[in-house]
Amino acid sequence: MDSYALLIAATLNAGTVLAIASLGLLINEKAGIVNLGAEGMMLCAAIAGFACVVHTGSDTMGFVAGAATGALMAAVFGGLVVWLNTNQYATGLALTLFGTGFSAFAGINYVQAQIPERPDFAIPYLSDIPLVGPALFHQHPLVYLTVVFALGLIWFLYRTRSGLILRSVGESPESAHALGYPVRWIRMGAIMVGGALCGLAGAYLSIIYTPLWVEGMVAGKGWIALALTTFATWRPARVLLGAYLFGGVTMLQFHLQGVGVEVPSQVLSMLPYLATIVVLAFISRNPRWIRINIPAAMGKPFYPGS
Amino acid sequence: MATPRLELKGITKAFPAVVANSNVSLTVMPGEIHAVLGENGAGKSTLMKIIYGSQMPDAGQILLNGQVMQIRNPKEARANGIGMVFQHFNLFDTMTVAENVWLGLARASLEQVTASIVAKAAEYGLDTDPRRLVHTLSVGERQRVEIIRALLTRPELLILDEPTSVLTPQAVEKLFLVLRKLSSEGCSILYISHKLHEIRELCTACTVLRAGKVTGVCNPKEETNASLSRMMIGAEPPLLEHHECKAGAATMVVKNLSLERDDQFGVDLHEINLRVCAGEVVGIAGVSGNGQKELLYALSGEDTRAPHGSVCMGEADVSGRDPAERRCLGLHFVPEERLGRGAVPTLSLAQNLLLTRTESISMPRCAGGWIRVKELATHAERLIEHFHIKAGGPNSVARSLSGGNLQKYIVAREIDANPKLLIVSQPTWGVDVGAAAQIRGEILRLRDKGCAVLVVSEELDELFEICDRMYVIARGKLSPSIPIAEATVEKIGEWMSGLWSNSAASEAHHA
Amino acid sequence: MHKLKLEARSQPSQMWSYASPVLALVCTVVIGVILFSLLGKDPMKGLQVFFWEPIKSGYAVGELLVKATPLLIIALGLAVCFRSNVWNIGAEGQYILGAVGASGVALMASPSMGGWIVVPVLLAGVLAGMFWAGLTAFLRDRFNANEILVSLMLVYVAVQVLNFLVFGPWKDPLGYNFPQTKTFEAITRIPRLFAGSRVSIGIFFALIGVGVIWIFFFRTRSGFAQQVGGLAPAASRYAGFSSRRALWTALLISGGLAGLAGALEVAGPIGQLTPYVPAGYGFAAIIVAYVGRLHPVGMVFSAVLMSMFYIGGELAQSRLGLPKSLTGVFQGLLLFSLLACDMLVNYRLRWIALGGPK
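Residues numbered from 1 in each chain as written. Chains lettered and ligands numbered in written order. Predicted model: local features only at pLDDT ≥ 70, side-chain atom pairs only at ≥ 80, totals over all residues.

Caption draft 1: Quick look at the overall build of chain B. Counting its secondary structure elements, chain B contains 17 helices and 23 strands. The globule rule puts the C-alpha radius of gyration for 511 residues at 24 Å, and the 24 Å found for chain B is close to it. With the C-alpha coordinates aligned to their principal axes, the bounding extent of chain B is approximately 70 × 50 × 45 Å. Counting over 511 residues, chain B shows a buried share of 49%. Look at the contacts in chain B between residues 6 or more apart in sequence, and 67% of them connect residues 24 or more apart. (Helix = DSSP H or I, 4+ residues; strand = E, 2+ residues; numbered from the N terminus. Rg over C-alpha atoms; globule rule 2.2 N^0.38 Å. Buried ≥ 20, exposed ≤ 12 C-beta atoms within 10 Å, placed from the backbone. Contact = placed C-beta atoms within 7 Å.)

Have a look at this one:
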């Protein structure tokens, strides 16, 4: 039974990485922006955060460094996409290609590096409950903060005027512009926030989750986070659910290996990617369902006055 | 004399290719309904965008109630009592009416906004449910949302850009009542239009624009259509040559075509019956968004889901055939959107021929055939010359042409193919008067040569001018056909709201 | 006060469509020089390593072409995809599968067979690449699944397929337990052009591909239809060009070409299947395609350039003690600069006076 509690705990842990990144990408997409650079931002943030912890010993500084790296890279992306009107897909791809190369380049001296042992995270009393305690209450504070953030995002998007404005920009930037909203600045803001969250996710990965630096360690999590927004039909609560589900699939592969199931390890390693493909196909199969939920201007450029 | 509500002095605005406004001055008094008249491309919309703050003038002054103003964006315009109802609505499909209105207002809460929508709607008879999603509304209802949104900012000056192009004649009358009530309450109205009779009926002052310059200021009630037209285009509208209609055999017959919408935001078609014969121009009138798009796609072949036997050309059942196959049978189609559907914006005029023409293709089996580049260019050159199209040559890209010239090119491309049936959607939408007259002339000449022509248009005047017979489409249903001699604006207007009797159906069956 | 403003051109600038990749390269070089200086290396040495060393001898040029060949072959296919607005970014996976397919046939060959065996080896690579890309096409066509994500996910799956084979069934029993297959029989190896260089006949495939793709794009109606689908999907529907056909065509061509590149690589320079077959060519080819303007001839130049980056990266490691991953940094920078510079093709930069009417 204990192993199941640990599986759930590990699932939450792995799901948090995906959830933070995916919620960030969701904010982008609600403003009509698709950033295929998620993988690159997460990689650079992972090494930035990790290096920061190695040098300062402070996790918080690591998270800040990761988020700042993500936001900075997103700003470059945003500058090109929002102000120079470049193709969002190509620019995002460039960001990922650059980030993959740059993180490997910058991280070359940190491959063997260790970061200090950290205390066990546990919520007093709650964590002592049998089964439930180890499963749910032995997590890093960011795991809980992510849930809180998702709830906050729901409130922001659907209950506040600012959220409505953000969605209007993703729905029809032309109309939002005609009503006098600064569409490009709003998009830029959304891109930076999204980048910071992807960065935070990358930093969480290298500082808490693994915790070490390996070249290419994000291993497609940025892309899975992108797929999750479609999976969730652009609803924050479903993003969270999907993230834990995929975290579970990732963990299942280790669990099965641990239990000694007779399947080649490579086949198990395929699981998260295959699951993404299957789920994507399943969710997308009804174009109408997608059409009614997708921010209408997603991926489309906007340049006022043309 | 009272202070004018709005005064423009020497407004000039130039774009890279064109001077949109050159030294334009205009004065609107409080409570006045002031028309800005001009044909497409005369610079009306740019002028309104300048007043509303979405464009900055290169030179000139704007005075509001005697004060010089700098209006830098629409928010400032609204704060200064200027409201605007756009021609292309600035609404968000997946949001509710209340949310849409809320986005156009400075503060307040959603609850307050909902309450004030209901109040305004009652006050002006603009029936609207604030909780409905915008994509479920008809075009007329959407305009009401735009108007309410503008009214809630308590404007002293309301700008309406071509507001009647989306309305039935009866709905136009209702709109005029609202506008007169507003004017009597002291609100000034700037009314943009190119429809002379509307301006003469509604407005008490008028500024006429031609090619960016003011060519006349007058009281339209004292003018005639002819005199207004002279100010607007410098001449009286060119007359069309009409010959008697000699309708031949049916070229296309549509029988009981019902089609569920393909798109969440679309319209279902219900039991459409339609017949177009050789040598006649048949029109389909209707307010946009009533199924025109869906019907056109089913006829052109872009939508091949039509049930077996419902769309026939001569003996051939074409309901399942794609546009290229229908083209082989002589069906050519001029779509409503010029850039992006009728032509690829970034490709040259010559290359754009390849969308629907195959004359310059040889070896038709391998990889779709070999493109003979020289012949293609010659072909394009020929069209440009014959139809007097202003273009840099066959290699200029489609998007570098003006709207009128590109439309002429697309119409030329299809007419030049000697079609048996030509379907044209909005033949002169957004096109200057000269080009419009030329296009209508070409359509009539094609008819006289024995081609069947189907014209779908929202401009009733245009349909009355060129059609021999007319249908009306409303909520995805098609009315019986009515010969043009029996059609009146009132009758067609009623039909546009879906109110046609079934007795009319039997009597019109002979057509 | 002044402000920089973008102004749309009515016609795209011919001059800038050629000049923009050059300007992008200049920008990349400038950033590279700054980066070298920051790392305390002599920038001139860095430039020499990247731009002079790879062309200073016949052998070096040969190595340059060895790397440029797969890049060009893959990029040709990607150009078909990108021009049709099909975002196949999983060429790396199709390349891997091509290598796997070719290896499957090559491992079955015996030394007694004739030279004809090379044909089925390459064909197997092409078919395997097409199959892998076909999965993406099928999921897009049948289930509307986003091809960007599916093709990319399939890269990770392809890597695991490769690993499974070399760690498992195909492992060379005499290979001291290294995860690799036995070395292919000499008879299955791609013929080389001349002794003393590793350049193989693969380069002919690449050049023939350039010609064929050029004709396809600019002289056939199918190629035209394919591109209209990318430029204006509504116009494509209006004309009656099938979008499904365009999707399948694009993915099968690019999958087949990526597979061919993989086959040429394992049966050529590498000579066996190892976990190190994926060298990022599939991703670098995306940059090749863009920097070459998606034009077959342009991509010849960009493929050579990208190959220089690869070789320069390796030399930077051995000569300057810099990590090899520098290559990836410069590749990314080049694409970034290109995207920014490309704005000049469609827009004109103008300083305009602010402060409204005077």
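Caption draft 2: Fine view of the overall build of chain C. For chain C, the helix and strand inventory stands at 13 helices and two strands. Against the compact-globule benchmark of 21 Å for 358 residues, chain C has a radius of gyration of 22 Å, which places it among compact chains. In terms of overall dimensions, chain C has C-alpha extents of about 90 × 60 × 35 Å along its principal axes. Of all intrachain contacts in chain C linking residues separated by at least 6 positions in sequence, the fraction that spans at least 24 positions is 78%.

Caption draft 3: Structural detail: the interface of chain B and chain C. Contact with chain B, which involves 36 residues of that partner, is made by 23 residues of chain C. Among the elements that make up the side of chain B that touches chain C, the one with the highest residue count is strand β4 (residues 59-64) of chain B (three residues). Among the residues forming the side of chain B that touches chain C, the class breakdown is 19 nonpolar, twelve polar and five charged. (Nonpolar A, V, L, I, M, F, W, Y, C, P; charged D, E, K, R; others polar.)

Caption draft 4: A look at the pairing of β4 of chain B. All names here are of chain B. In this sheet, β4 lies alongside strand β1 (residues 6-14) in antiparallel orientation, the contact comprising five bridges. Residue pairing across strands places K9 opposite Q61, the latter belonging to β4. Bridge analysis of β4 against strand β5 (residues 67-69) gives three bridges, and the strand direction is antiparallel. In the sheet register, L64 faces β5, and the bridge partner there is Q67. Counting the residues that bridge the hairpin from β4 to β5 gives two residues, and of these N65 lies at a positive phi of roughly 50°. (Pairing = 2+ DSSP bridges.)

Caption draft 5: Structural context of the domain arrangement of chain B. Residues and elements named next belong to chain B. One can read the domain layout of chain B as domain 1 (6-233), domain 2 (240-330 + 419-511) and domain 3 (343-417). Placing a centre on the C-alpha atoms of domain 1 and another on those of domain 2 gives a separation of 32 Å. Residues belonging to the side of domain 1 that touches domain 2 are distributed by class as follows: five nonpolar, eight polar and two charged. (Domains from an automatic or database assignment.)

Caption draft 6: Main features of the packing of helix α7 (residues 202-219) of chain C against helix α10 (residues 243-270) of chain C. Residue and element names in this part refer to chain C. For the pair α7 and α10, the least separation of the axes is 10 Å and the interaxial angle reads 165°. Accordingly, the angle class assigned to the pair α7 and α10 is roughly antiparallel. As for how α7 packs across α10, the hand of that crossing is left-handed. Where α7 approaches α10, its residues G202, F205 and G209 are matched on the opposing element by L257, L260, L264 and G268. (Axes fitted to C-alpha atoms, helices over the stretch in contact; angles between N-to-C directions. Parallel < 35°, antiparallel > 145°, perpendicular 65-115°, else oblique. Left-handed = near helix turned anticlockwise from the far one by under 90°.)

Caption draft 7: Highlighting the interface of chain A and chain C. The interface is formed by 38 residues belonging to chain A together with 38 residues belonging to chain C. When contributions to the side of chain A that touches chain C are tallied by element, the ones reaching two or more residues are α4 (88-106), α10 (221-231) and α12 (265-284) of chain A. At twelve residues, the largest contribution of residues to the side of chain A that touches chain C is made by α4 of chain A. Considered class by class, the residues forming the side of chain A that touches chain C number 25 nonpolar, twelve polar and one charged.

Caption draft 8: Local environment of the nonpolar core. Grouped together as the largest cluster of nonpolar side chains are 373 residues, with contacts concentrated most on I74, A75 and V288 of chain C. Among the elements that take part in this core, helix α9 (residues 183-209) of chain A stands out by supplying 17 residues, more than any other. Each residue touching V288 of chain C, except ones within four places of it in the same chain, is listed here: L71, L72, A75, M299, S302, A303 and M306 of chain C. (Core = buried A, V, L, I, M, F, W, Y, C linked by C-beta atoms within 7 Å.)

Caption draft 9: Local environment of the packing of helix α6 (residues 141-159) of chain A against helix α11 (residues 236-259) of chain A. Residues and elements named next belong to chain A. The geometry of α6 relative to α11 is characterised by a closest axis approach of 9 Å and an angle of 155° between their N-to-C directions. Accordingly, the angle class assigned to the pair α6 and α11 is roughly antiparallel. Of α11, the residues touching α6 (which contributes V147, A150, L153, I154 and L157) are P236, A237 and L240. Partitioned by chemical class, the residues of the contact of α6 with α11 number eight nonpolar, no polar and no charged.

Caption draft 10: The arrangement of helix α6 (residues 169-184) of chain B in detail. All names here are of chain B. Across its 16 residues, α6 extends 23 Å between first and last C-alpha, which sits within 8% of the 22 Å expected from 1.5 Å per residue. Restricting attention to buried positions, one finds in α6 the residues L175, L179 and S183. Along the axis of α6, the buried positions cluster into a sector of 80°, meaning they face one direction only. Facing away from the buried side of α6 by over 90 degrees, the exposed positions are E173, L177 and S184. For α6, the secondary structure elements touched by its buried residues are β3 (33-37), β8 (188-193) and α7 (196-202). Looking at the residues trailing α6, positive phi occurs at G186, about 100°. (Expected span 1.5 Å × (residues − 1). Arc of directions from axis to C-beta.)

Caption draft 11: Molecular detail of the sheet that holds β1 of chain B. Residue and element names in this part refer to chain B. Spatially, four strands are ordered β2-β1-β4-β5 in an open sheet, and the strand pairing comes out antiparallel. On the outer flanks of this sheet lie β2 (19-28) and β5, each paired with one strand and no other. For this sheet the average axis-to-axis angle between neighbouring strands, irrespective of direction, equals 25°.

Caption draft 12: Geometry of the pairing of strand β21 (residues 469-474) of chain B. Residues and elements named next belong to chain B. Burial runs high along β21: six of the six residues are buried. Judged by which residues are buried, β21 turns out to be covered on both faces: R469, Y471 and I473 on one side and M470, V472 and A474 on the other are all buried. Two strands pair when backbone bridges link them, and strand β13 (residues 281-285) and β21 are joined in this way by four bridges, in the parallel orientation. Bridge pairing in β21 links I284 to Y471.

Caption draft 13: Just helix α11 (residues 281-291) of chain C, in detail. In terms of residue burial, α11 of chain C counts as a mostly covered element, since eleven of its eleven residues are buried. R293 of chain C occupies a position one or two residues after α11 of chain C and carries a positive phi of about 65°.

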